[in-house]
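One letter stands for each residue in the lines below.
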Protein chains: 2
Amino acid sequence: MTSNFSFQLLHADPRCGARRGLLVTPHGAVDTPAFMPVGTAATVKGLTARAISETATQMLLANTYHLALRPGEDVIRDLGGLHRFMGWDGPILTDSGGFQIFSLAQNSRVSERGVVFRSHIDGRLLELTPERATGIQEALGSDIAMVLDHVVSLPCQRDVARDACERSIRWADRCRSAATRSDQVLFAIVQGGLDEQLRVQCARRLVALDFPGYAIGGLSVGEPQGQMLRILDVTCPELPSNRPRYLMGVGTPQDLLEGIQRGVDLFDCVLPTRNGRNALAFTDFGPLKLRNLKHQRDGRPIDSTCPCPACQHSRGYLRHLFMAGEMLGPILLSAHNIVYYQRLLAEVRAAIQAGGFAELVRAKQDQWRLGQDGEG
Amino acid sequence: MTSNFSFQLLHADPRCGARRGLLVTPHGAVDTPAFMPVGTAATVKGLTARAISETATQMLLANTYHLALRPGEDVIRDLGGLHRFMGWDGPILTDSGGFQIFSLAQNSRVSERGVVFRSHIDGRLLELTPERATGIQEALGSDIAMVLDHVVSLPCQRDVARDACERSIRWADRCRSAATRSDQVLFAIVQGGLDEQLRVQCARRLVALDFPGYAIGGLSVGEPQGQMLRILDVTCPELPSNRPRYLMGVGTPQDLLEGIQRGVDLFDCVLPTRNGRNALAFTDFGPLKLRNLKHQRDGRPIDSTCPCPACQHSRGYLRHLFMAGEMLGPILLSAHNIVYYQRLLAEVRAAIQAGGFAELVRAKQDQWRLGQDGEG
């Protein structure tokens, strides 16, 4: 592990797996549990770097596959690396492209050597080997890089899951051998589909390789929440308590609380921004669909306690923006939803510290459930 | 004129028509010459209210036709009026819908009573009479309302121009009779096509009706710049020097300097935002097309002296945003272009005050001309 990276466990809930920690990276510290908004193409859609800062976000995620295709990692390296490129001075985690093996399955072919994609943009071929995925992430200069993993769709045959899991472990080792930057750490990714035994074996073998952090990948790809939680239940205990744990691509506010309860420290998801662009606002009383006619003359903000720029306006105005197809609707609701996630995580961290995490979870779940009927 | 509205002429250039003034409205003061960004649907596309403020914009324009159709002026009135609705505390000017008689000609029919539009959104009919146009603007609660005018396409037959001009004068009078709000003033609009005699007559007859401000309308609808300037040359001298003069829908930075030189105080145009959305940045060295391949690895900002959020990034990053179809490209370039316009106007005001307006115009024109070849 490099000297400018560390993870400190500040407090562990004695009643469940929830942990309060501090992740230190070359670009600053992150209070965990933490949520990373997704900046796929080196921009969190619709938000300026300052607007992101103002959501109280500490760390972002960016996508290796997308940036390698456009503008190309060499362009970003020539322009000073990803932080400078996108004007974000805080920590950045890059994924490896492994998720696209699942999400762009029809345009990809996996071999032991790596994966070849046919670009979703222009049909050009892009090969990601473990070495190339590591090299791209080094050119980008993220604080945390991820190993290339083989993500499969669920449910799947056990031998498919086992094969992808074994390959992911071999690739993880190759990524580690390829890594050269002293100011970037590489996290391993536990695979194994919905098979508990595979997950446990994968976790143990990756832990034996001693990575500075561990992700749980290949979940939240369409399986029921219960299946994901079952896998978390068996996987988290296998991971070293002094290393950060990252549940990739998850999830709803409910998912976050469930993950945290099981010992997850880091999350990323497109949900707050994607749903925001589609006029859905997260709130403590459940999701609010801003296109609904009932908001037309509603002078109240989405949430009068929310400090975000959307909540400076009435629901009626926000509805109007979406009905008129104005960019400002997606801009404001993306900011609102990220602020909602970050406020939730801040509450979670305070609750863990104060020994009241279970009570917070119960209160939030009650509010969300009640709100679904009453909506504000 | 209402007591909370005034126009003070601070300085007049002895060598040309350029004037430095202060327009006071119920929602604050505006230094003139001034440029109003366009917020058609109660939003300057892509910019939050704070982002607009940070461009040094003092007054906005919003469109009566569009707001009457969506969300409806009654919705905006119920939500506290246009200022509160869009979260903009500064002055707002609303147009009257007259321009849409030209721009949506195929969906409109004019009679002496008014104009009937078939909505460009859903085909529903919208009638704008002078009384209705005034009523809508009163419901919106803008600081400055415009009379309903009959805008025709150019060039046109003299009797078409005369007919529309005469009707515009009668409608102006009807608007004035219909106006009831003490916290809103109504500006008249000089019409007359490209006919100097008609323009002069129209100006004189409207001046005789004693409006608190005068606009010059029906220009910048496709005619060559020289034709517009010829009309300004004969029209501005007919307008009272102690009333603000507003050249509607104009224009390029070059157009603004030409208009100011002839005595215009107010401008509005979609150009900075529309061009910004299309990857064109205004600069002192001419327009920059950010999609151009030559910007790919360019680490320089658009303009190193510009304080806007776009100029916190490299040209290479901005190009990437446009190539990737990311919202942040339009957002940043819209902000940049409005900042460019506002900085230009600030330079103009300082130059008029200091007696150096002609020199500023020459310097800007030289820079723009040279830049067209050298581009940065």
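Since the structure is predicted, the reported quantities are computational estimates derived from the model, not experimental observations.

Conventions we followed
Residues numbered from 1 in each chain as written. Chains lettered and ligands numbered in written order. Predicted model: local features only at pLDDT ≥ 70, side-chain atom pairs only at ≥ 80, totals over all residues. Helix = DSSP H or I, 4+ residues; strand = E, 2+ residues; numbered from the N terminus. Rg over C-alpha atoms; globule rule 2.2 N^0.38 Å. Contact = placed C-beta atoms within 7 Å. Least-squares fit on C-alpha atoms with pLDDT ≥ 70 in both. Pairing = 2+ DSSP bridges. Axes fitted to C-alpha atoms, helices over the stretch in contact; angles between N-to-C directions. Buried ≥ 20, exposed ≤ 12 C-beta atoms within 10 Å, placed from the backbone. Domains from an automatic or database assignment. Nonpolar A, V, L, I, M, F, W, Y, C, P; charged D, E, K, R; others polar. Expected span 1.5 Å × (residues − 1). Parallel < 35°, antiparallel > 145°, perpendicular 65-115°, else oblique. Left-handed = near helix turned anticlockwise from the far one by under 90°. Core = buried A, V, L, I, M, F, W, Y, C linked by C-beta atoms within 7 Å.

## Brief notes about the overall build of chain A
Along its length, chain A carries 14 helices and 16 strands. Against the 2.2 N^0.38 benchmark of 21 Å for 376 residues, chain A shows a C-alpha radius of gyration of 20 Å, consistent with a compact globule. Principal axes of the C-alpha set define a box for chain A whose edges measure 60 × 50 × 40 Å. Excluding contacts between residues fewer than 6 apart, the proportion of contacts in chain A whose partners are at least 24 apart in sequence is 68%.

## Considering the relation of the copies chain A and chain B
Its rotation angle being 180°, the transformation that places chain A on chain B also includes 0.0 Å of axial translation and leaves an RMSD of 0.0 Å. Viewed as a symmetry operation, the transformation between the two copies matches a two-fold axis. For chain A, the minimum C-alpha distance to the rotation axis belongs to Met327(A) and amounts to 4.0 Å. Interface residue correspondence from chain A to chain B reaches 100%, placing this contact among same-surface, isologous pairings.

## Let's talk about unusual backbone geometry
The amide bond that connects Thr32(B) to the next residue, Pro33(B), takes the cis arrangement and shows omega of 0°. In this structure, Pro33(B) sits in the loop between β3 (28–32) and β4 (34–37). For the bond running from Val250(B) to Gly251(B), omega is 0°, close enough to zero to count as cis. Its place among the elements puts Gly251(B) in the loop between β13 (245–247) and α10 (253–261). Located in the positive-phi region is Asp210(A), a residue other than glycine, with phi close to 60°. Position of Asp210(A) among the secondary structure elements: in the loop between α8 (196–208) and β12 (214–216).

## Describing the sheet that holds strand β12 (residues 214–216) of chain B
Residues and elements named next belong to chain B. If you walk across this open sheet you meet the 8 strands as β4-β14-β13-β12-β11-β10-β6-β5, and the pairing is parallel. The open sheet has two free edges, formed respectively by β4 and β5 (60–62), since each of these has just one partner strand. The mean angle between the axes of side-by-side strands here comes to 25°, regardless of whether they run parallel or antiparallel. Pairing analysis gives 3 bridges linking strand β11 (residues 185–190) to β12, with the strands arranged parallel. Of the residues in β12, the one forming a bridge with Ala188 is Tyr214.

## Re the sheet that holds strand β2 (residues 19–25) of chain A
Residue and element names in this part refer to chain A. Strand order in this open sheet of 3 strands is β1-β2-β3, and the pairing throughout is antiparallel. A single partner strand is all that each edge strand has here, and the edge strands are β1 (6–12) and β3 (28–32). Ignoring strand direction, the axes of neighbouring strands in this sheet form an average angle of 15°. In this structure, β1 lies alongside β2, joined through 6 bridges in antiparallel fashion.

## Re the interface of chain A and chain B
The interface of chain A with chain B comprises 34 residues on the first partner and 34 residues on the second. Taken together, the elements giving at least two residues each to the side of chain A that touches chain B come down to α3 (73–78), α4 (82–86), α12 (315–323) and α13 (328–354) of chain A. Ranked by residue count, the leading element in the side of chain A that touches chain B is α12(A), at 5 residues.

## Notes on the pairing of strand β4 (residues 34–37) of chain A
All names here are of chain A. Because side chains alternate across β4, one face comprises the buried residues Ala34 and Met36, and the other comprises Phe35 and Pro37, equally buried. Two elements, β4 and strand β14 (residues 266–269), share 4 bridges in a ladder whose sense is parallel. Paired with Phe35 across the strands is Phe267, a residue of β14.

## Things to note about the domain arrangement of chain A
Residue and element names in this part refer to chain A. For chain A, the domain assignment lists domain 1 (7–268) and domain 2 (277–374). Between the C-alpha centres of domain 1 and domain 2 there is a distance of 27 Å. When contributions to the side of domain 1 that touches domain 2 are tallied by element, the ones reaching two or more residues are β4 and α10 (253–261). Looking at side-chain class alone, the side of domain 1 that touches domain 2 contains 13 nonpolar, 6 polar and 5 charged residues.

## Details of helix α13 (residues 328–354) of chain B
All names here are of chain B. The first and last C-alpha atoms of α13 sit 38 Å apart over 27 residues, in line with the 39 Å expected at 1.5 Å per residue. The buried fraction of α13 is high, at 20 of 27 residues. Of the residues one or two after α13, Gly355 is the one with positive phi, at around 80°.

## Examining helix α7 (residues 158–178) of chain A
Residues and elements named next belong to chain A. Its 21 residues give α7 an end-to-end C-alpha distance of 30 Å, which sits within 8% of 30 Å, the value for a rise of 1.5 Å per residue. For α7, the complete set of buried residues consists of Ala161, Ala164, Cys165, Ser168, Ile169, Trp171, Ala172 and Cys175. Its buried side turned inward, α7 meets α6 (130–140), β11 (185–190) and α8.

## Overview of the packing of α6(A) against α7(A)
Residues and elements named next belong to chain A. As a packed pair, α6 and α7 sit with axes 8 Å apart at the nearest point and diverge in direction by 45°. Classified by the interaxial angle, the pair formed by α6 and α7 is oblique. Crossing geometry of α6 relative to α7 is assigned as right-handed. Here α6 contributes Pro130, Glu131, Ala133, Thr134 and Gly135 to the contact with α7, which in turn contributes Trp171, Arg174, Cys175 and Ala178. Class assignment for the residues of the contact of α6 with α7 results in 5 nonpolar, 2 polar and 2 charged.

## Some details on the nonpolar core
Val147(A), Phe187(A), Ala215(A), Val147(B), Phe187(B) and Ala215(B) are the most contacted members of the largest nonpolar core, which has 233 residues in total. The leading source of residues in this core is α13(B), at 14 residues. Excluding residues within four positions of it along the chain, Ala215(A) makes contact with Met146(A), Phe187(A), Ala188(A), Ile189(A), Val190(A), Tyr246(A) and Met248(A).

## What to know about the packing of helix α12 (residues 315–323) of chain B against α13(B)
All names here are of chain B. Running from N to C, α12 and α13 cross one another at 130°; their axes reach a closest spacing of 8 Å. Viewed along their axes, α12 and α13 adopt a mutual orientation that is oblique. When α12 is examined against α13, the residues Leu318, Leu321 and Phe322 are found in contact with a partner set consisting of Leu328, Gly329, Leu332 and Leu333. When the residues that make up the contact of α12 with α13 are grouped by side-chain class, the tally is 6 nonpolar, 1 polar and no charged.

## Quick notes on the environment of Gly217(A)
Residues and elements named next belong to chain A. Along the chain, the position of Gly217 falls in the loop between β12 and α9 (225–235). Owing to 29 C-beta atoms within 10 Å, Gly217 belongs among the buried residues under this scheme. It is 8.7 Å that separates the C-alpha atoms of Gly217 and Gly192, two residues lying 25 residues apart in sequence. Ignoring sequence-local partners within four residues, the contact set of Gly217 consists of Gly98, Asp149, Val151, Ile189, Val190, Gln191 and Met248.

## Regarding the pairing of β14(A)
Residues and elements named next belong to chain A. The alternating pattern of β14 places Leu266 and Asp268 on one face and Phe267 and Cys269 on the opposite face, and all of these are buried. As paired elements, strand β13 (residues 245–247) and β14 share 2 bridges and run parallel to each other. Directly across from Leu247, in β14, lies its bridge partner Phe267.

## A short note on the environment of Gly17(A)
Residue and element names in this part refer to chain A. Topologically, Gly17 is positioned in the loop between β1 and β2. Look at Gly17 and you get partly exposed, because 19 C-beta atoms sit within 10 Å. Separated by 242 residues in sequence, Gly17 and Gly259 place their C-alpha atoms 9.0 Å apart. When near neighbours in sequence (up to four residues on either side) are disregarded, Gly17 contacts Cys236, Gln261, Arg262 and Gly263.

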